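What follows is each chain in one-letter form.
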Amino acid sequence: MSAHSDNGSGLPAPANALQIENLIKRYPTGVEALRGVSVDIEPGEFFGLLGPNGAGKSTLIHCATGLAQPTAGSIQVFGHDAIDNYGEARQAVGLAPQELNLDWFLTVAETLDYHAGYFGMPKRERRERAAELIETFSLGDKRDERTRTLSGGMKRRLILARALMHRPRLLILDEPTAGVDIELRLELWQYVQRINAEGTTILLTTHYLEEAEQLCDKIAFITDGQIAAQGSTAELAGNYGVANLEDAYLALVGRNELSRSRVEEVVT
Amino acid sequence: MSATQIRFFTLWRREINRFMKIKKQTIGAPLLETFLYISVFGAALGSRIDQLQGIDYVIFVIPGLIMMAWAINSFSNNASSILQQKFQGAIQDQLSSPASPLELLLAFSLGGFMRGFVVAVLTFTAASFLVDLPVEHILVLIPALFLVGFFFAQVGVLIGIRAEQFDDVAIAQTFVLTPLIFLGGVFYSADLLPEPFQTLTHFNPVYYMINLVRYGFLDVTEASIAFSLLALAAATAALFAFNLRLFVTGYKLRA
C-alpha cells in the first residue's frame, strides 16, 4: 500500500475532503451527542465548526478520526469510508486534539518520530520532516526533553507539529488556540493559512469568532448535536438578519441580548 | 520496509522504549526480586530441605522463578502501559492512525512479552553462573516459556483495557495473579500438599505451566506434558481471540 496520494486515478470528480451524512452518535449512557449531522468540506477549503461547549464538535471530530464509533450515518475522507476503509481515511487526516494528549515518557523528537512511524513514513523522511517541523514550531531547544517538562504553549506547538508530521491532506484543529499566548496564536494563523494556500484542507473548531471570521472560507454552526446553519460569514449573518458573525452566533444560541452592537446602542 | 511493516515496528518499538526508559523499575527490580527468592528459598532454606523429586531444592525452584518472572513482567508491563496511555490520552495517537486492531493488539502484547523475555534471560544467565542448571528438553522449554509469556501478555492487555485506575491493575496482580502463581507450585511440589489442596492445585492453570517449564529444564513433571502444552496453547489462543474482539469493537478504547 502506498502511504501517499492516489492522484492520477482518473476519477471523474475529486471527492470531498470530508463528507459526513446523517451522522448520529449515541453514547451508551443514552446521550445523543450528534443527531443527524451532514457536512461537506471541499478539498482546499478552510472550514470552521463553531458552537457552544457540548454541542458535539469534538464528537464529530472523534467520529471522523476513529476515536469514537458512529451509531449511524456515513463519513468519507477523500472518498474513503472512515469505517470500512479506515486505513486510507486516517492516513489522509492529521488531528490536533483539544486535550494535550502527549505521552510523558517520550521526548519531543520521539513524539514526532513515532507518530510518523504509525503512519508508515520511512526513517529518513521522518528525520527530515521532524527537523523541519521542530524548526517551524520553535521546538529546537526542547528537542530531547520529555514532553512532561514542556510548558502549556510548547505542548500545544508539539501537538500541532505531530498532527502535521505525516503530511495530512486534511488537518483537523480542535480548539488549537485555547489558552495560548498572542504570539503563538498569530504564528499558528500564519502557518495554517500558508499550508491551506498550498492545498491542505483545514477543519477548525474554535470559540474565537474573529479567528473563524479571519481564517475560514465557510463556517457551520453546530448546536445540540445538529448543524443549525452553514455558509460564508456574510451568508450566516444574512441568515440571521444581523451584521456580523458574532451576532449570528448569539442569535443561534438565543442570547441576542449579549450583542456588542446592542450594548453600544444602550450605552450611547 | 512497507508502510505496514514500518507502522507495526514503530508501535512495538514504542512499547520497548517505554520500559527501557525506566529499566531500574522494569528490569532491575524484578531481577533483584528473583534473586532474593533464589537466595532465601534456595540458598538459605534449601540447605534444610531435602531433594524434591531427586533434585536439589535450589535447582528445583529456579525454573518456576524464571517462569514467574516472565509471566509477571509480561502482565504488569502491558497492563500499566495501556492504562497509562489511556490515562494520558496519548493512546489516541495510535488509535487515530491507520493501524489495524490486530497490529495494535500484537504490538501491545509484544511489549510486555519482550520485557519478560529480557528478565527471564538475564535470570537464567545469572543463575547458570551460580548453580549447575540443566536444560533437558529445550524443544518443550522454549515453546512453553513463549506460550506462558504470551498468555500473561494477553492477561495484561485485557486488564489494561478494562482498568480505569491504577488500583485495578494492582488488585488483579495482588489478589489474583500472585496467589495463582505462588499456589501453582513455584516453591514446592504439589505432591507434598495434603488433600484437598493437592486436588485443588490441579484446577490452577499455572500448575501446568510450571510443570512444563520444570520438565523443560529438569526432566521432572507431575502432569502430562502433551496435555499441558495443548491446554496452554488453547487458553492463549482463546484469550488472544477475545482481546482481538475487544480491539475490533473498540471496547473502552474508542468512545
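First, a word on what this report is: a plain description of the structure on this page. (Residues numbered from 1 in each chain as written. Chains lettered and ligands numbered in written order. Predicted model: local features only at pLDDT ≥ 70, side-chain atom pairs only at ≥ 80, totals over all residues.)

## Focus on the pairing of strand 10 (residues 226-231) of chain A
All names here are of chain A. One ladder, built from five bridges, connects strand 9 (residues 218-223) with strand 10; its direction is antiparallel. Bridged to Thr-223 within strand 10 is Gln-226. Counted between consecutive antiparallel strands, the loop separating strand 9 from strand 10 contains two residues, among which Asp-224 sits at a positive phi close to 55 degrees. (Pairing = 2+ DSSP bridges. Helix = DSSP H or I, 4+ residues; strand = E, 2+ residues; numbered from the N terminus.)

## Brief notes about the packing of helix 9 (residues 205-218) of chain B against helix 10 (residues 225-249) of chain B
All names here are of chain B. Where helix 9 contacts helix 10, the two axes come as close as 9 Å, and the packing angle between them is 125 degrees. It follows that helix 9 is oblique to helix 10 by the angle criterion. Considering how the two elements wind past one another, helix 9 and helix 10 form a crossing that is left-handed. Contact with helix 9, carried on its side by Pro-205, Tyr-208, Met-209, Asn-211, Leu-212 and Tyr-215, involves Ile-225, Ser-228, Leu-229, Ala-231, Leu-232 and Ala-235 of helix 10 and no other residues of that element. Across the contact of helix 9 with helix 10, the residue classes tally to ten nonpolar, two polar and no charged. (Axes fitted to C-alpha atoms, helices over the stretch in contact; angles between N-to-C directions. Parallel < 35°, antiparallel > 145°, perpendicular 65-115°, else oblique. Left-handed = near helix turned anticlockwise from the far one by under 90°. Contact = placed C-beta atoms within 7 Å. Nonpolar A, V, L, I, M, F, W, Y, C, P; charged D, E, K, R; others polar.)

## Looking at the interface of chain A and chain B
At the interface, 29 residues of chain A touch 24 residues of chain B. When contributions to the side of chain A that touches chain B are tallied by element, the ones reaching two or more residues are helix 1 (57-65), helix 2 (86-91) and helix 3 (108-118) of chain A. Its residues placed into classes, the side of chain A that touches chain B shows 16 nonpolar, ten polar and three charged.

## Remarks on the pairing of strand 3 (residues 46-50) of chain A
All names here are of chain A. Of all five residues in strand 3, five are buried, a share of seventy percent or more. Burial along strand 3 is two-sided: the face carrying Phe-46, Gly-48 and Leu-50 and the face carrying Phe-47 and Leu-49 are both buried. Sheet analysis places strand 3 next to strand 8 (residues 201-205), joined by four bridges and oriented parallel. Note that in strand 8 the partner of Gly-48 across the bridge is Leu-204. In this sheet, strand 9 lies alongside strand 3 in parallel orientation, the contact comprising four bridges. Within strand 9, the residue paired with Leu-49 across the bridge is Ala-220. (Buried ≥ 20, exposed ≤ 12 C-beta atoms within 10 Å, placed from the backbone.)

## Regarding the environment of Leu122(B)
Relative to the elements of secondary structure, Leu122(B) occurs in helix 5 (residues 101-130). Distance from Leu122(B) to His202(B), taken between C-alpha atoms, is 30 Å for residues 80 residues apart in sequence.

## Remarks on helix 4 (residues 123-136) of chain A
Residue and element names in this part refer to chain A. When the terminal C-alpha atoms of helix 4 are compared, their 20 Å separation across 14 residues agrees well with the 20 Å that a helix rising 1.5 Å per residue should span. Packing partners of the buried residues in helix 4 comprise helix 3 and helix 5 (152-164). Remark: Ser-138 follows helix 4 within two positions and exhibits a positive phi of approximately 50 degrees. (Expected span 1.5 Å × (residues − 1).)

## Let's talk about the sheet that holds strand 3 of chain A
All names here are of chain A. The six strands are arranged 6-7-8-3-9-10 in an open sheet whose pairing can be described as mixed. The two strands at the open ends of the sheet, each matched to only one other strand, are strand 6 (93-96) and strand 10. Within this sheet the neighbouring strands show an average axis-to-axis angle of 15 degrees, counted without direction. The pairing of strand 6 with strand 7 (residues 170-174) spans four bridges and is parallel. Residue pairing in the sheet places Gly-94 in a bridge with Leu-171 of strand 7. Lying over the sheet, helix 1 contacts strand 3, strand 6, strand 7, strand 8 and strand 9, oriented at roughly 150 degrees with respect to strand 7.

## A word on unusual backbone geometry
Geometrically, the link from Glu195(B) to Pro196(B) is a cis peptide bond, its omega value of 5 degrees lying close to zero. The residue Pro196(B) is located in the loop between helix 7 (166-183) and helix 8 (197-201) in this model. The phi torsion at Arg167(A) lies on the positive side, around 50 degrees, for a residue other than glycine. As for its position among the elements, Arg167(A) is in the loop between helix 5 and strand 7. The class of Arg167(A) is partly exposed, set by 18 C-beta atoms lying within 10 Å. The backbone phi angle of Gln53(B) is positive, close to 50 degrees, even though this residue is not glycine. Tracing the backbone through its elements, the reader meets Gln53(B) in the loop between helix 2 (23-44) and helix 3 (57-88). Residue Gln53(B) is classed as partly exposed on the basis of its C-beta count, with 13 C-beta atoms lying within 10 Å.

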